[in-house]
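# Observations on the three-dimensional arrangement
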Amino acid sequence: MSWVPEFANPERLWTLVILPVLIIAYLILLRLKGRIALRYTNTGVLGRVVGAQRRWTRHLFVAMSLASLIALGLAYANPLGTEKEPRERATVVIVVDTSLSMSAVDIEPNRLAAAKSAAQVFLRALPSTFNVAIVGMSGNPTIAIPPTTDRGATERALNALQLENGTAIGDALTTAMKAVDQAPKGGDDDEEAPAMIVLLSDGTNTEGPAPSAASKVARERGIPVFTIAYGTDNGFVDVDGRRENVAPDRETLQQIAKTTDAQAVAADDIASLDDAYKKVGSVIGYETVRKPITATYAAVALGFAVVAALGAVFMAARWPR
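Reading the values: the criteria
- Residues numbered from 1 in each chain as written.
- Predicted model: local features only at pLDDT ≥ 70, side-chain atom pairs only at ≥ 80, totals over all residues.
- Heavy atoms only, no water.
- Helix = DSSP H or I, 4+ residues; strand = E, 2+ residues; numbered from the N terminus.
- Expected span 1.5 Å × (residues − 1).
- Buried < 20%, exposed > 50% of the residue type's maximum accessible area, 1.4 Å probe, protein only.
- Pairing = 2+ DSSP bridges.
- Phe/Tyr/Trp six-rings, centres within 6.5 Å; stacked < 30°, edge-to-face > 60°.
- Lys NZ or Arg CZ within 6 Å of the ring centre and 35° of its normal.
- Polar contact = N/O pair within 3.5 Å; in protein donor to acceptor, adjacent residues only side chain to side chain.
- Contact = heavy atoms within 4.5 Å.
- Salt bridge = Lys/Arg side-chain N within 4 Å of Asp/Glu carboxyl O.

## A short note on helix α6 (residues 169-181)
- Its 13 residues place the ends of α6 19 Å apart at the C-alpha level, agreeing with the 18 Å of an ideal helix rising 1.5 Å per residue.
- Taken together, the buried positions of α6 are I169, G170, A172, L173, T175, A176, M177, A179 and V180.

## A word on the pairing of strand β9 (residues 242-245)
- Where strand β8 (residues 236-239) and β9 come together, four bridges link them in antiparallel fashion. Across the sheet, D238 pairs through a bridge with R243, a residue of β9.
- Two successive antiparallel strands, β8 and β9, enclose a turn made up of two residues, where D240 displays a positive phi of approximately 50°.

## A look at the packing of aromatic side chains
- All told, the structure shown has zero aromatic pairs when counted by the stated rule.
- Cation over ring: R12 sits above Y76, and NZ or CZ is 4.8 Å from the ring centre.

## Digging into unusual backbone geometry
- The step from E108 to P109 runs through a cis peptide bond, and the omega angle for that step is -10°.
- Mapped onto the secondary structure, P109 falls in the loop between β3 (91-97) and α4 (111-125).
- The phi dihedral of N78 is positive, around 55°, even though this residue is not glycine.
- Inspection of the secondary structure puts N78 in the loop between α3 (55-76) and β2 (79-86).

## Concerning the side chain of R111
- Among the secondary structure elements, R111 is positioned in helix α4.
- A polar contact is formed between the side chain of R111 and the side chain of D202, at a distance of 3.1 Å.
- Excluding residues within four positions of it along the chain, R111 makes contact with S101, M102, A104, D106, D202, Y230, G231, T232, G235, V246 and P248.

## Description of α4
- Taking 1.5 Å of rise per residue, the 15 residues of α4 would be expected to cover 21 Å, and the 21 Å separating its terminal C-alpha atoms lies within 8% of that figure.
- Of the positions making up α4, those classed as buried are R111, L112, A114, A115, K116, A118, A119, Q120, F122 and L123.
- Where α4 begins, the side chain of N110 points an oxygen toward the backbone nitrogen of L112, at a separation of 3.1 Å.

## Overview of the environment of A213
- Residue position: A213 is located in helix α7 (residues 211-220).
- Note on A213: relative accessible area 46%, which makes it partly exposed.
- Each C-alpha atom of the pair A213 and I256 lies 9.7 Å from the other, and the pair is 43 residues apart in sequence.

## Describing the pattern of salt bridges
- Under the definition given, this model contains seven salt bridges.
- Taking the shortest distance from any N to any O, the salt bridge between D238 and R243 comes out at 3.1 Å.
- Close ionic contact of E244 with R242 constitutes a salt bridge, the shortest N to O distance being 3.5 Å.
- Since its relative accessible area comes to 33%, E244 is described here as partly exposed.
- In this structure R242 comes out as exposed when scored by relative accessible area, which is 51%.
- Here the salt bridges do not stand alone but share partners, grouping D106, R111 and D202 into one network.

Structure representation (structure tokens):
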């Protein structure tokens, strides 16, 4: 952290050159006053007429006046301070598991409907300037909508997701990172915006590469993958006349989150889903921004000026003895 202040208009600091001139003028006046004082030899009478004044208090009040001018000169140059603000430019990719296991009704009305509902809550809580993409995760993950700030279009893409066969978590994470690459760059330097992935799944990988490889790539790119596990251990689906248990694979989801320095959250009902999304929404992060703090310097100048004014009144008044 630098202790040297920065200014929006540093060229205005030239006004401070008047301070050495004032100091020199003050010193000259002191010398002239000393010479004039030698003309009066009856110091007792002079003391009763003028009143006793301490030399150091006079210097102190002059110093307060000069300090006020310094603060005003700095304020005129528009000093800048730092402040933490939520990143208003970020990319969030919401990956929704659309495999057949998400049709289980252990979370009402079913896992997929609950995931969509909670995703909408999270989506509406994000800053409007965030780019959001939707990825449907099945055996063949696809980008339902690329990163956009159009919340209406994003919600329509989310609601349009349908159940499909297979669960390819590794491919879904790779697809999500491709969606991140499609986000608009920011500024003239084309700097990539911070990004995060939210994976909503029951966590059982059935097709494609293992999720571990894609998780490592996400970690290398600095993209955290937050996972939310859906379902209970007693969840089931009926496939071809057979009832199959579809307990969530929490271990896989926890490992993905751990590898990418994120967080894994279990969500067995709507209430806990809301809490989970509050946690996920709070980790988008902050950035340090420069903001004018002219008012602060002006307030300091006012404080010095008040003290100097009180000093002038004190020195000019004829206090009763």
